[in-house]
Amino acid sequence: MTLLPISRLPKACETLEAPDFAIGCGDNQAVVAAKMGGCVMMVSKVGDDLLAPETVANLRRQDVDTCFITTELGTSRSVTPIFFDEQSQNCILIIKGANQQLKAANIDAAEALKACQLIILQLEIPLKTVYYTIDFARQHNIKVILNPVPAVADLDRYRLRLQVRLLYAE
């Protein structure tokens, strides 16, 4: 599917017409790792909205183990609307949805994580869960990559400095 750019991004309080619209699951980091031949499992949450079942089904089709994805009732899955113009400037919104409910107990329940070689994290889950997962990984000699998106003002870089490899999206 090819999406068409809008002529320009809207200004504050402005409404513009867009030439196209599409909903897709996208290639998140788990899907990309699986496509590169990795044995990938995802520990996550989805909501009970209309998009959640297709999200999980898409991950399965892409060879991502989804047995540790649980459903959070009364919320939506995480979604990221992206708007871009002809110069490739973009505006991105992240709605964290059910990911905000991922807790340390979900990490502990995923016993298979202990056998992993690498854990990749983003900041779509609570910072407390990010720190817990990093400590979990250290206890089990698992490498960690943190993609610090979306940006979080109170991210403790000193705490992370010796424990994780940071990816920076520019």
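Residues numbered from 1 in each chain as written. Predicted model: local features only at pLDDT ≥ 70, side-chain atom pairs only at ≥ 80, totals over all residues. Heavy atoms only, no water.

Asker: Residues and numbers for the overall build of the protein, please.
Answerer: Looking only at helices and strands, one finds five helices and seven strands in the protein. Listed N to C, the secondary structure of the protein is α-β-α-β-β-β-α-β-α-β-α-β in terms of helices and strands. The C-alpha atoms of the protein give a radius of gyration of 17 Å, which matches the 15 Å a tight globule of 170 residues would have. Seen through its principal axes, the protein has C-alpha atoms that stretch 50 × 35 × 35 Å. Expressed as a percentage of the 170 residues in the protein, the buried residues total 33%. Accessible surface computed for the protein: about 11100 Å², of which carbon and sulfur atoms make up 54%. (Helix = DSSP H or I, 4+ residues; strand = E, 2+ residues; numbered from the N terminus. Rg over C-alpha atoms; globule rule 2.2 N^0.38 Å. Buried < 20%, exposed > 50% of the residue type's maximum accessible area, 1.4 Å probe, protein only. Areas by Shrake-Rupley, 256 points an atom, 1.4 Å probe, with all protein chains shown as cover.)

Asker: Give me the pattern of salt bridges: which residues, what numbers.
Answerer: Opposite charge on two side chains lets them pair, provided their charged atoms get close. What the rule picks out here adds up to five salt bridges. The salt bridge involving Glu54 is made with Arg61; its shortest N-O contact spans 2.4 Å. Of the residues examined, Glu54 reaches a relative accessible area of 38% and is grouped as partly exposed. Between Glu111 and Lys114 there is a salt bridge, with the nearest N and O atoms lying 3.3 Å from each other. Lys114 gets classed as partly exposed once you look at its relative accessible area, which sits at 38%. (Salt bridge = Lys/Arg side-chain N within 4 Å of Asp/Glu carboxyl O.)

Asker: For the pairing of strand β2 (residues 64-72), give the residues involved together with the corresponding values.
Answerer: Relative to β2, strand β1 (residues 40-47) is paired through seven bridges, and the arrangement is parallel. Bridge pairing in β2 places Met41 opposite Asp65. In the classification by handedness, the crossover that spans β1, the intervening helix α2 (residues 52-61) and the parallel β2 is right-handed. (Pairing = 2+ DSSP bridges. Right-handed = clockwise from strand over helix to strand, strands pointing away.)

Asker: Explain the side chain of Asn99 residue by residue, including any values.
Answerer: Within the secondary structure, Asn99 sits in the loop between β4 (90-92) and α3 (104-109). Look past the residues within four positions of Asn99 in its chain and what remains in contact with it is Ser44, Lys45, Ser78, Glu124, Ile125 and Pro126. (Contact = heavy atoms within 4.5 Å.)

Asker: Explain the confidence of the model for the protein to me, using residue names and the numbers behind them.
Answerer: For the protein, the mean per-residue pLDDT works out to 89, and 93% of the residues sit at or above 70. Here strand β7 (residues 165-166) stands out as the least confident element of the protein, with mean pLDDT 64; α3 is the most confident, with 98. (pLDDT = per-residue confidence, 0-100.)

Asker: Describe helix α4 (residues 127-139), listing the residues and the values that go with them.
Answerer: Note on helix geometry: an α-helix contains 3.6 residues per turn, so any two residues three or four positions apart are oriented the same way. Taking 1.5 Å per residue, 13 residues should reach 18 Å; α4 reaches 18 Å between its end C-alpha atoms and fits that length. Listed in full, the buried residues belonging to α4 are Leu127, Thr129, Val130, Tyr131, Thr133, Ile134, Asp135, Phe136 and Ala137. Residue Asn141 follows α4 closely and has a positive phi angle near 55 degrees. (Expected span 1.5 Å × (residues − 1).)

Asker: Describe the nonpolar core, listing the residues and the values that go with them.
Answerer: Generally speaking, a soluble globular protein has its nonpolar side chains buried in company with each other. With 21 residues, the main nonpolar core has Val43, Leu113, Ile119, Leu121, Val130, Leu146 and Leu155 as its most contacted residues. At the level of secondary structure, the elements contributing two or more residues to this core comprise β5 (118-122), α4 and β6 (143-147). The element that contributes the greatest number of residues to this core is α4, accounting for six residues. Sequence-distant contacts of Val130, defined by excluding residues within four places in its chain, comprise Leu121, Gln122, Leu123, Ile125 and Leu146. In terms of nonpolar packing, the next biggest core, distinct from the first, is built from 11 residues, Ala30, Val31, Val46 and Ile69 among them. (Core = buried A, V, L, I, M, F, W, Y, C linked by side-chain atoms within 4.5 Å.)

Asker: Help me get a handle on the environment of Ala115, residues and values and all.
Answerer: Relative to the assigned elements, Ala115 resides in the loop between α3 and β5. Ala115 sits in the exposed class, given a relative accessible area of 67%. Along the primary structure Ala115 and Ile142 are separated by 27 residues, whereas in three dimensions their C-alpha atoms are 8.3 Å apart.

Asker: Describe unusual backbone geometry, with residues and values.
Answerer: Backbone torsion omega between Val149 and Pro150 reads -5 degrees, so that peptide bond is classified as cis. Examined against the element boundaries, Pro150 turns out to sit in the loop between β6 and α5 (157-161). Despite not being glycine, Asp63 shows a phi value in the positive range, around 65 degrees. Assignment of secondary structure puts Asp63 in the loop between α2 and β2. Judged by its relative accessible area of 62%, Asp63 is exposed. With phi around 65 degrees, Ser88 is a residue other than glycine that occupies positive phi space.

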